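Reading the structure
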Amino acid sequence: MVIRIAAVGDVHLDEDVVGRFRPALEELPGCADVLLLAGDLTRHGTESEARCVAQEFGNLGVPVITVLGNHDHQCDQVPQVVKVLEDVGITVLEGTGTVVECAGGRLGVAGVKGFGGGFAGRCASDFGEPEMKSFVRTTNESAEALAEALRGLECDLLVALTHYSPVPDTLAGEPLEIYPFLGCYQLGQAIDSAPTALALHGHAHHGTERGTTPGGVRVRNVAHPVIKQAYSIFHLGDHLVG
């Protein structure tokens, strides 16, 4: 049983770059069963930019599943952005999951944008000012939603899709000072709470591609500036290739 997953994040589309990815995307039906997008689809999260994403990633011949990123929230048009994407058949996850029937089995994908906070030993805590408590509460709620979505899927292979990173490994190359704004350990705990086979994220443009959660789940940073191609392909089964 092998399921072929294509993935990319941080494409930051607007009208100036529409068409950049499409030639490679047209080849997807021959090499992948599904395409996962790890957020930051747009530059500023406008409805017009979402139409660019829909044009680029719609009607590809394979299911397309995405989470949103921080850029996609910038202009407070998230409902409009989601509607534009869903209108062309792109599944948008936020604390939710979906199952795709592939030739190699049932692929479960649970997704959430995630949030910052940092990693074990160097992280924000739910203490002090209301603003700090609110920050950490957002992080915890996001991670809890991911854990619940992962554990609720009935499938053969399970993938976690986030924008923020669940581990510090894939942030190597970024300034240490901004690690707390690139991910959080709570997402890693959520991923480890279920039989997750692979975790994909973006957000860290200067990070590293490969990492592992404390529980041993393989993590891949698929931000476009990191993978430097239209998408990466992962063959998921008894062993991960890619």
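A short tour of the structure in this document, coming up. All figures in this text were calculated on a predicted structure; none of them were measured in a lab.

Conventions we followed
- Residues numbered from 1 in each chain as written.
- Predicted model: local features only at pLDDT ≥ 70, side-chain atom pairs only at ≥ 80, totals over all residues.
- Heavy atoms only, no water.
- Buried < 20%, exposed > 50% of the residue type's maximum accessible area, 1.4 Å probe, protein only.
- Helix = DSSP H or I, 4+ residues; strand = E, 2+ residues; numbered from the N terminus.
- Axes fitted to C-alpha atoms, helices over the stretch in contact; angles between N-to-C directions.
- Parallel < 35°, antiparallel > 145°, perpendicular 65-115°, else oblique.
- Left-handed = near helix turned anticlockwise from the far one by under 90°.
- Contact = heavy atoms within 4.5 Å.
- Disulfide = S-S within 2.5 Å.
- Salt bridge = Lys/Arg side-chain N within 4 Å of Asp/Glu carboxyl O.

**Side note on helix α2 (residues 47–57)**
Burial in α2 covers these residues: E49, A50, C52, V53, A54, E56 and F57. Directly after α2, the chain includes N59, whose backbone phi takes a positive value near 55 degrees.

**Quick notes on the packing of α2 against helix α3 (residues 78–87)**
The description of two packed helices rests on the angle between their axes and on the distance between the axes. Viewed as axis vectors pointing N to C, α2 and α3 meet at an angle of 20 degrees, and their least axial separation amounts to 9 Å. Taken together, the axis directions place α2 and α3 in an arrangement best described as roughly parallel. Crossing of α2 over α3 shows right-handed handedness. Across from E47, A50, R51, V53 and A54 in α2, the residues of α3 making contact are Q80, V81, V84 and L85.

**A closer look at the state of the cysteines**
Considering all chains together, one arrives at 0 disulfides under this definition. As a non-bridged cysteine, C52 has C75 as the owner of its nearest cysteine sulfur, 13 Å distant. Overall, the relative accessible area of 10% leaves C52 in the buried class. Counting only cysteine sulfurs, C184 is the nearest neighbor of C123, a cysteine outside any disulfide, at a range of 9.5 Å.

**Remarks on the pattern of salt bridges**
One pass over the full model with this rule turns up 6 salt bridges. The residue R43 makes a salt bridge to D14 at a minimum N-O spacing of 3.0 Å. Here R43, found in the loop between β2 (34–38) and α2, pairs with D14, found in the loop between β1 (3–8) and α1 (22–25); they are 29 residues apart in sequence, far enough to count as distant. Given a relative accessible area of 32%, R43 falls into the partly exposed group. D14 sits in the buried class, given a relative accessible area of 10%. One salt bridge in this structure joins K83 and D87, with 2.9 Å as the shortest N-O distance. Note that K83 and D87 are positioned in helix α3 at a spacing of 4 residues, about one turn of the helix. A residue is classified by how much of its surface remains accessible, and D87, at 56% relative accessible area, is exposed.

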